[in-house]
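Structural overview for review
Letter by letter, the chains look like this.
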Amino acid sequence: MKTQDYIDRENKYLAHNYHPLPLVLKKGEGIWLRDINDNKYLDFLSAYSAVSAGHLNPRIKKAMIDQLNLLDVPSRAFYTDKLGAFAEKLCTLTGMDAMLPMNTGTEAVETAIKAARRWGYEVKNIAQDKAEIIVSKGNFHGRSTTIVGFSSDPEYKRDFGPFDDGFKTIPFGDADALEKAITPETCAFLTEPVQGEGGIIIPPEGWLKQAQEICKKHNILFILDEIQSGMGRTGKNFAFQHEIDKPDGLILGKALGGGIYPVSAFLSRKDVMDLFQPGSHGSTFGGNPIAAAIGLEAILVLEEDNLARKSAELGQYLKDRLKEIHSPLITDIRGIGLWIGMDIDPEKATARDICERLQHKGLLCKETHETVVRFAPPLTITKENIDWALEQIRFVLDEMGHTL
Ligand SMILES: *Cc1c(COP(=O)(O)O)cnc(C)c1O
């Protein structure tokens, strides 16, 4: 079968809810991917940060295989020898008191919403069904109907309603707007510390700290979705560590699964977590021993391979070099750690055009919205690999610049 045959088959038998680049992958190792024609590509997307430790990271792969030789999915009807070790490590790493394991990021966000609302009713005595959660404009928290209901992207929600009440949207990174939006019925402020899908949007310095102080002053929970920003992506283990000690609630996913298995978690203070009682919430696969073994190893790799420090150093290097490129196509470059957005002038090209051309040069990136090319390589990348990627980016921008 040829590339086009694989593409045609996927197009025939799958829902068209994605628009993949036209290549067919069959192998991955570290920062490299290979297609069915044995072309080699540098992965500059890392599955939206899920593969921050590199493809088939040998340690994480071994942890999975070792666990597969012991026990698979017994359900949470029983204790296992793995889950406590993972939970203890994750709580120690984040500074949070307790965790609730789920699988996908969406489920962990749903868990946070349940926790916040229950806290609102049982601790703040908000009237039944009146609890309100404040969220940021341009947010991305997943794809469930509750979550897309408070998205500001019409394409995420068109014809999927009716949606839940109980969410109020304020501009991202605006502390005054947060304070003004709080009412006696507000139970939480839920936000990403840096917006990933929104286009790598970095809030003003000091905002996170201010937001936390406002939440504390008005007695509402400060909950951070670090599904994409966590696990070293921004140059710290978690993005909140740039400004604060810890939030009241923390949502993790993506890289927590080491790129090979869905592992997510909601973490919080003990008094909040204790609002969940047996029967109140759950997940058949959540916290199974395979997930726990992988999650634990992903944390050990993050720590022992100094992924956050590499992200900070190499991210700064990549951003500085990108800023030296003077192309009429680029309107802005911004980033934090190895997480960089390059804005493309929509009059001159689409971000998709650039991604397709970079693909032909062996560099895999994905646009977010029409105008932003996102660079987010595995944190295991080296400076030499980044220099090579920069050559390809320069080539494509030059080539497109000349034909304007
Ligand atoms: C990816 C992502 C989610 C959703 O995670 P899934 O595993 O796709 O359900 C939620 N929040 C943020 C910030 C994300 O980047």
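The text that follows walks through the structure, step by step, so that each part is easy to find. In this text the structure is predicted, and so the values were computed from the model without any measurement.

**Some thoughts on empty space enclosed by the protein**
- Applying the stated criterion to the full structure yields one cavity of 30 Å³ or more.
- Put simply, the largest cavity is a space of about 50 Å³.
- If you trace the largest cavity, you find it lined by S52, A53, M231, A255, G258, A298, L302 and L307.
- Both domains that furnish three or more residues to the lining of the largest cavity are identified here as domain 1 (3–56 + 306–402) and domain 2 (58–304).

**A closer look at the environment of E192**
- Inspection of the secondary structure assignment puts E192 in the loop between β7 (186–191) and α9 (207–217).
- Separated by 180 residues in sequence, E192 and V372 have C-alpha atoms that sit 18 Å apart.
- Non-local contacts of E192, meaning those with residues more than four positions away in its chain, are made with G138, N139, F140, H141, F172, W207 and D225.
- From its side chain, E192 meets the backbone nitrogen of F140 in a polar contact 2.8 Å long.
- Only 3.5 Å separates the side chain of E192 from the backbone nitrogen of G196, close enough to count as a polar contact.

**As for the sheet that holds strand β11 (residues 330–335)**
- An order of β11-β12-β15-β14 is seen for the four strands of this open sheet, with the pairing classed as antiparallel. Unpaired on one side and paired on the other, β11 and β14 (366–368) mark the two borders of the sheet. The average angle at which neighbouring strand axes cross in this sheet is 30 degrees, direction not considered.
- Pairing geometry for β11 and strand β12 (residues 340–344), over five bridges, is antiparallel. Within β12, the position partnered with I330 by the bridge is I344.

**Focus on the pairing of strand β9 (residues 249–252)**
- The alternating pattern of β9 places G249 and I251 on one face and L250 and L252 on the opposite face, and all of these are buried.
- Bridge count between strand β8 (residues 221–225) and β9: three bridges; the pairing is parallel. Residue pairing in the sheet places D225 in a bridge with I251 of β9.

**Examining the layout of surface pockets**
- In this structure, the second largest pocket occupies an estimated 510 Å³ of space.
- R76, L100, P101, F276 and H281 are, among the 20 residues lining the second largest pocket, the residues nearest its centre.
- Among the elements of the structure, α4 (83–94), β4 (98–102) and α10 (270–273) are those that each provide at least two residues to the lining of the second largest pocket.
- When residues in the lining of the second largest pocket are grouped by element, the largest group, four residues, is from β4.
- The residue inventory of the lining of the second largest pocket, partitioned by class, reads nine nonpolar, eight polar and three charged.

**Remarks on the environment of S280**
- Mapped onto the fold, S280 is located in the loop between α10 and α11 (289–304).
- S280 sits in the partly exposed class, given a relative accessible area of 23%.
- Separated by 258 residues in the primary sequence, S280 and P22 have C-alpha atoms spaced 44 Å apart.
- Once you skip the residues sitting within four places of it in the chain, S280 turns out to touch K114 and R118.
- A polar contact is formed between the side chain of S280 and the backbone oxygen of Q277, at a distance of 2.5 Å.

Quick notes on the rules
Residues numbered from 1 in each chain as written. Predicted model: local features only at pLDDT ≥ 70, side-chain atom pairs only at ≥ 80, totals over all residues. Heavy atoms only, no water. 1 Å grid on protein atoms, 1.4 Å probe; cavity = no way out; pocket = protein on both sides within 12 Å on 5 of 7 lines; lining within 4 Å. Points joined across faces, edges and corners; volume = space filled by probe spheres on them. Domains from an automatic or database assignment. Helix = DSSP H or I, 4+ residues; strand = E, 2+ residues; numbered from the N terminus. Contact = heavy atoms within 4.5 Å. Polar contact = N/O pair within 3.5 Å; in protein donor to acceptor, adjacent residues only side chain to side chain. Pairing = 2+ DSSP bridges. Axes fitted to C-alpha atoms, helices over the stretch in contact; angles between N-to-C directions. Buried < 20%, exposed > 50% of the residue type's maximum accessible area, 1.4 Å probe, protein only. Nonpolar A, V, L, I, M, F, W, Y, C, P; charged D, E, K, R; others polar.

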